[in-house]
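The residues making up each chain are set out below.
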Amino acid sequence: MDLILCHTTADFDTLGAAVGLSRLLPGSRIVLAGGAHAAVRDFLALHRDEYALIERRSVNPDQIRTIAVVDTQVRDRLGAVAEWLALPDITIAVYDHHLGMESDIAATQCHVEAVGATTTLMVEQLQAQQLTPTAAEATVMALGIHVDTGSLTFDQTTPRDARALAWLMEQGASLRAIAHYAEPGLAPALQPLLTTALHDLQTETVRGSTIGWIILTLDSFVPGLSSLASHLMQLTDVDALLLAAHYAKKAADHSPTNESSDKQRSEEQQADDQQAGDQRLEEYNERALTVIGRSHIDGTDLNALFQPIGGGGHPRAASVNLHQVNPEATLAQLVTQLKAQIPQPLTARVLMSSPVRTIRPETSIAEAQRLLIRYGHSGLSVVNEAGQLLGIISRRDLDLALHHGFSHAPVKGYMTTNLKTIAPDTSLPAIEALMVTYNIGRLPVLDQGNLVGIVTRTDVLRQLHRQDGERGRWREEGDKERGKRGDVEPLPSKLRSTLDEPKSLLAALRHCLKPELWQVLSAAAEEAEQQGWHLYLVGGAVRDLLLAIAKGTALQGGLLLEDVDLVVDGFHRAAVVGAGVALAKSLQTHYPTARLEIHGKFQTAALLWHRDPVLKSLWVDFATARTEFYPYPAANPEVESSSIQQDLYRRDFTINAMAIRLTEPCAGEILDFFGGLLDLQAKQIRVLHANSFIEDPTRIYRAVRFATRLGFQLDAQTESYIRYAIASGIYSQTQVQSQDQQRHHQSSQVPVATPALQTRLRAELKYIFQSPYWQPALQTLAELGALQCLHPTLAMDADLWRQLRWVDRGLKWLKRQKAEGNVVDSTGEAGANDVRRRQKAEATSNFHPSAFCAPLSSFPPSWLALLEVLLAHLAPEHRSAVATNLQLPIDSTERLQQLETAQLTLTAALPACQRPSEIVQLLKPYDLWLLVLIAVRSERSTPAPSKTGSPRRKIWQYLTHWVAVKPPLDGKDLKALGYKPGPQFKAILEALVAATLDGVLSNHAEAEAFVAERFGEG
């Protein structure tokens, strides 16, 4: 066990440093030595499950391997856990930023540097190793730097701290959380005013949000009122505040003390105070009213509230300075207008995860732990046979039970039974208050006594981070900062404004789609709303829409979609497992010409239009929101119904895990829980899960395909996951199992269950080889070692590259010539330009793709042709087995199986064939593409003046000239000469072909004389 120790009375710096170090030391656990600051305690009440925390009593000292101590060098600050430092055979590391302190910890590694916060050291190492923290991790690390540097104002602050904090903001650190939990000091002059304000503050709760307002009557203006407003909000837990100060203006400057204090305050506070009336005035008895507004309520806009009366600022922070107005009436009017801005709050019905994973009271601790690992949950609900909720057991409860050796015990002895529950219409603020007040990680949602969902800390945090600005991180300030980096371009303003307004995004989608396709989506959304379901457009369509808007290519009807993926969240109101299938059936009644396909195992359906006069060829997938679990690597996933959040979580990459809501309320809202928008901006492919490539190796090929197609890069961590998955050898194991399975079923005539890995790989290979970017994609796969997914011995080399490129050029040339009517058709008739081309081919011993005479229809599709060239590079004993696993067509498998024997046979026989007719006679029985494979794999021929040549040259001459040669006479001519159809016909025609090939015949007259001499008169 690897431990990270925080000092007693933990502050945000020790916690932030520990969280950062836990990312640098995968698998390590964080232990709080004892106690925590009040703000840290409140923070962990909501965020605990986001970090690798473990209870001190759950640690078995005998299992400790390494210990890292953060933000202290003194044993006394570690409390009771300091005794672990004396354990034998453990490695100890210390990370701290307090210089000049004598350490009494016998550390094997010591990292003490002059920075403002220990967390900064961890951030710099994360950057150096290109590790990206989650938003929750970035938030706690940012809090550590904020608190220990006084928001970058304390003397010990360094530029390194500022750079670290800026980077954390780029990674999604929640400004809302930082503002909520950081604790700036209050100037002495403001402290009496704070007491007065706390006593006289008026509050009211409106639609789940609490607003407060107060009028302070002052002798003169007091600087720092914005800081007073911030403290008042923290101490009273109001969500919005209007702080009014009514004072006499007089001609007096700030004292030097106040000037110095001003420099310590934020720019926002100074701007507020300056606008609030820090001016020289002549009349002492003139009264002024300053109103400072602060709001944490989404949907409110203080700037819009104050602008009509001459004030302004930002939506969340603004102020106004007024003269000779009635203070009570003015404030009352502003309060009324602020109330009107407050939107209806989000409720548990929207936030909850459903269906709820439940277990019975008799379920063992070990089985409950297995279910937690399978579904990635932090707790499970315990119900009786009637489905009534009995209790909840958390991951922490299970850890303690397992630590004490009670894996066999039933969960009923460890579950929490004194439950707090909520209703579907419970508001988000109320949910957050319950979690913080009672330190609850999950709240069951009951509707008339039925368990319909559960709201977890993760659900709340996800929403809070989205409110804090998943889109806000794309706004102008962040864009300017990103624009200074060379690797990320600023977000186009058009996309930024579109994302800020759901209706704008929906309008952009409608604008980009063909009207007929938009009608299909609208009809589907209307049907879903009637059933009480939510409908989402997901995946590639969302990605391509956002890219089109960002590039300015979102033209009317310009987003051409042939595949549309829709997800139905049927658990919005009730547990409807087959919502996707039901919606597809309902929609088909509006489009009877569409073919309906249903896949019940995966709860999906599809409507297919083929050569429709309006919709052309279109495929619309309908899926019930679901989660999936891979029972073993490279298997087909086991699928279960779930919510839209879980459905997006099961996807492969962040840029494919976004959705646009098509149903009301909030139609046009974009769901981006995993940073897909930021990755689109950074032009990178980032995988969602560390084990993603082990569970489904096909995703390696998908990652490379998307990166190459979009001009993106694999992010560093994703590439490391790919390399680890390949190095693990798991793919070789599945291939061996597949071959054993084939041998086992070979004699029983039972179809072999082809591994899911191979069948999905075939589809990905087809996508890649069909694309114009197949060469860079294949090069990247080769560099990653990903060709081993096909076979452990498959690797790229110069010969294979030459063969692939040569075949690709030849097939492309043939397609162009066919389009121009200059290439041999399926009947073998040559085009008008063939003579000159053949003459050129015959004049050189080295083949050029443009010399092909073989009919194009004799060759497999281009993607399959390239794939056969790739597999032909394997040793002979592996070729057909891999082709069988990939479920290639039978003729492809047979070609690869016959390749070695045919190549050996022809290589031995061709040198003895001197005349063209002998070569044709030898090669004619062979499949044309098999001959191409043999030729590209043979040694290069060298120019020679004689008619003899290498086997490769003779095969090329056959393919480029002799295969299309026709005799001067055909069957009709022979009939005209008096010959009767029969066995003699075949002999005559074969003799004519041979003579023509060997140059004996060149015209009609010579052919007639030849026939008469050899076979007599007709």
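Model, not experiment: these values are computed from the prediction. Along each chain, residues carry numbers from 1 onward, in the same order as the chain's sequence is written. The predicted origin of the model limits local features to residues at a pLDDT of at least 70 and limits the giving and counting of side-chain atom pairs to 80 or more, whereas totals for whole chains, interfaces and linings rest on all residues. Derived side-chain values reflect all non-hydrogen atoms in the structure, with water molecules and hydrogen atoms excluded from consideration.

Caption draft 1: Main features of the overall build of the protein chain. Labels follow the DSSP assignment, with helices taken as runs of H or I lasting at least four residues and strands as runs of E lasting at least two, numbered in each case from the N terminus. Secondary structure summary: the protein chain contains 42 helices and 27 strands in total. Accessible area is worked out with a 1.4 Å probe on protein chains only. A residue is then buried under 20% of its type maximum, exposed over 50%, and partly exposed in between. The 1018 residues of the protein chain split such that 52% are buried. Contact criterion: two residues are considered in contact whenever any of their non-hydrogen atoms come within 4.5 Å of each other. Contacts spanning at least 24 positions in sequence make up 71% of the contacts within the protein chain whose residues lie at least 6 apart.

Caption draft 2: Summary view of the sheet that holds strand E12 (residues 358–359). A pair of strands is treated as paired once DSSP finds two or more bridges between them. Ordered by their spatial adjacency, three strands build an open sheet running E12-E13-E14, and the pairing between neighbours is mixed. The strands lining the two open edges of the sheet, one partner per strand, are E12 and strand E14 (389–394). Where E12 lies against strand E13 (residues 379–383), two bridges are found, and the strand directions are parallel. Pairing of Ile-359 across the sheet is with Val-382, part of E13. Lines fitted to C-alpha atoms define the axes here, with helix axes fitted over just the stretch in contact, and angles between the N-to-C directions of these axes take values from 0 to 180 degrees. Most of the contacts of helix H14 (residues 365–375) go to E13, to which it runs at about 130°, and overall it touches E12, E13 and E14. Across the sheet, helix H15 (residues 395–403) lies against E13 and E14, angled at about 70° from E14, the strand it touches most.

Caption draft 3: Region of the structure containing the packing of aromatic side chains. Only Phe, Tyr and Trp rings take part, Trp by its six-membered ring, and two of them pair if their centres are within 6.5 Å. Stacked means planes under 30 degrees apart, edge-to-face means over 60, and tilted covers everything else. This structure, assessed with the given rule, holds 14 aromatic pairs. Seen in terms of ring centroids, Tyr-591 and Trp-609 are 5.6 Å apart; in terms of plane orientation they differ by 85°. Their pairing is edge-to-face. Taken as a pair, Tyr-591 in the loop between helix H23 (579–588) and strand E19 (595–599) and Trp-609 in strand E20 (residues 604–612) lie far apart in primary sequence, 18 residues in all. Exposure remark for Trp-609: the relative accessible area of 4% places this residue in the buried category. Between the aromatic rings of Phe-769 and Trp-774, the centroid separation amounts to 5.8 Å while the plane-to-plane angle is 55°, which identifies the pairing as tilted. The same class applies to Phe-769 as to Trp-774, namely buried.

Caption draft 4: Quick look at the nonpolar core. What makes a nonpolar core is a set of buried Ala, Val, Leu, Ile, Met, Phe, Trp, Tyr and Cys residues whose side-chain atoms join them at distances within 4.5 Å. Ranked by size, the top nonpolar core spans 130 residues in total, and within it Leu-566 and Tyr-701 carry the most contacts. In terms of residue count, helix H38 (residues 928–937) provides more of this core than any other element does, nine residues in total. Those residues within four positions of Leu-566 in sequence are excluded, and the remaining contacts are Leu-521, Ala-524, Leu-535, Tyr-536, Leu-537, Val-620, Asp-621, Phe-622, Ala-623 and Leu-662. One finds Tyr-95, Met-122, Val-140 and Ile-440 within the second-largest nonpolar core, a separate group that totals 56 residues.

Caption draft 5: Here's a closer look at helix H3 (residues 118–128). If you check which residues of H3 are buried, you get Thr-118, Thr-119, Thr-120, Leu-121, Met-122, Val-123 and Leu-126. If you follow the buried residues of H3, they end up packed against helix H1 (12–24), strand E3 (66–70), strand E4 (91–96), strand E5 (109–112), helix H4 (135–148) and helix H5 (159–170). Just beyond H3, the residue with positive phi is Gln-130, at close to 55°.

Caption draft 6: Representation of the packing of helix H34 (residues 862–871) against helix H36 (residues 890–909). Contact geometry of H34 with H36 gives a least axis separation of 11 Å together with a crossing angle of 30°. In this view, H34 runs roughly parallel relative to H36, as classed from their interaxial angle. Both H34 and H36 take part in a crossing whose hand is right-handed. Residues Leu-864, Glu-868 and Leu-871 of H34 touch H36, and the partners they reach there are Ser-892, Arg-895 and Leu-896. Roughly parallel means an angle under 35 degrees; roughly antiparallel, over 145; roughly perpendicular, 65 to 115; everything else is oblique. Helix crossings are classified by the rotation of the near helix relative to the far one: an anticlockwise turn of less than a right angle makes the crossing left-handed, while a clockwise turn makes it right-handed.

Caption draft 7: Focus on the sheet that holds strand E25 (residues 670–671). Reading across the sheet, the seven strands line up as E19-E20-E21-E18-E17-E24-E25 and stay open at both edges, with mixed pairing between neighbours. Looking along the sheet, the strands with just one partner apiece sit at the ends: E19 and E25. Judged from the two bridges that link them, strand E24 (residues 659–661) and E25 form a sheet pairing that is antiparallel. Directly across from Ala-659, in E25, lies its bridge partner Leu-671. Together, strand E17 (534–538), strand E18 (563–569), E19, E20 and strand E21 (616–624) form the strand contacts of H23, whose direction differs from that of E21 by roughly 145°.

Caption draft 8: Seen up close, the pairing of E14. Sheet analysis places E13 next to E14, joined by five bridges and oriented antiparallel. Looking across to E14, one finds that Ser-381 is bridged to Ile-392. A loop of five residues connects E13 with E14, the two strands running antiparallel in sequence, and Gly-387 in this loop sits at a positive phi of about 85°.

Caption draft 9: Geometry of the side chain of His-689. Relative to the helices and strands, His-689 resides in the loop between strand E26 (684–685) and helix H26 (692–695). Of the polar contacts made by the side chain of His-689, one reaches the backbone oxygen of Tyr-649; its length is 2.6 Å. Those residues in contact with His-689, other than ones at most four positions away along the chain, are Tyr-649, Arg-650, Arg-651 and Tyr-721. Distance and chemistry together define a polar contact, namely a pair of N or O atoms within 3.5 Å, with one atom able to donate a hydrogen and the other to accept it when in protein, and with adjacent residues in sequence counting only for side-chain atoms on both sides.

Caption draft 10: Representation of unusual backbone geometry within the structure. In this structure, Ser-151 takes a positive phi of about 55° despite not being glycine. One can find Ser-151 in the loop between H4 and H5. Even without a glycine there, the phi angle at Arg-611 is positive, about 55°. Note that Arg-611 resides in strand E20. Among the residues examined, Arg-611 registers a relative accessible area of 71% and is labelled exposed.

Caption draft 11: How the structure looks around the pattern of salt bridges. Any carboxyl oxygen of Asp or Glu within 4 Å of a side-chain nitrogen of Lys or Arg constitutes a salt bridge here. For the coordinates displayed, the defined rule picks out 28 salt bridges. One salt bridge connects Arg-661 with Glu-669, and the closest N-O pair in it is separated by 4.0 Å. Among the ionic pairs, Arg-686 bridges to Asp-679, the shortest N-O distance being 2.9 Å. The two residues Arg-686 and Asp-679 agree in class, both being buried.

Caption draft 12: Main features of the side chain of Asn-384. The topology assignment puts Asn-384 in the loop between E13 and E14. Within polar-contact distance, the side chain of Asn-384 engages the backbone nitrogen of Ala-386 at 3.0 Å. Setting aside residues no more than four positions away along its own chain, Asn-384 makes contact with Arg-360 and Leu-390.

Caption draft 13: Just helix H41 (residues 983–997), in detail. With 15 residues, H41 extends 22 Å from end C-alpha to end C-alpha; this agrees with the ideal 21 Å at 1.5 Å per step. Looking at H41, one finds that the buried residues are Phe-985, Ile-988, Ala-991, Leu-992, Ala-995, Thr-996 and Leu-997. Summarising the contacts, the buried residues of H41 are in contact with helix H37 (916–923), helix H40 (971–976) and helix H42 (1004–1015). Remark: Gly-999 follows H41 within two positions and exhibits a positive phi of approximately 80°. Under the convention used throughout, the expected extent of a helix is 1.5 Å for every residue step, that is, one less than its residue count.

Caption draft 14: Expanded view of the packing of H4 against H5. The geometry of H4 relative to H5 is characterised by a closest axis approach of 9 Å and an angle of 155° between their N-to-C directions. With respect to H5, the element H4 is oriented roughly antiparallel. Viewed along their axes, H4 and H5 form a crossing whose handedness is left-handed. Of the residues in H5, those touching H4 at Ala-138, Met-141, Ala-142, Ile-145 and His-146 are Asp-161, Ala-164, Leu-165 and Leu-168. Of the residues in the contact of H4 with H5, the class split is seven nonpolar, one polar and one charged. Classes in brief: Ala, Val, Leu, Ile, Met, Phe, Trp, Tyr, Cys and Pro nonpolar; Asp, Glu, Lys and Arg charged; the others, Gly included, polar.

Caption draft 15: Structural context of the pairing of strand E16 (residues 450–456). With five of seven residues buried, E16 is to be regarded as a mostly interior element. One ladder, built from six bridges, connects strand E15 (residues 442–447) with E16; its direction is antiparallel. In the sheet register, Asp-447 faces E16, and the bridge partner there is Asn-450. Connecting E15 to the antiparallel partner E16 that follows it, the hairpin turn spans two residues, and Gln-448 within it adopts a positive phi of roughly 55°.

All quantities given are derived from atomic positions and should not be read as evidence of function.
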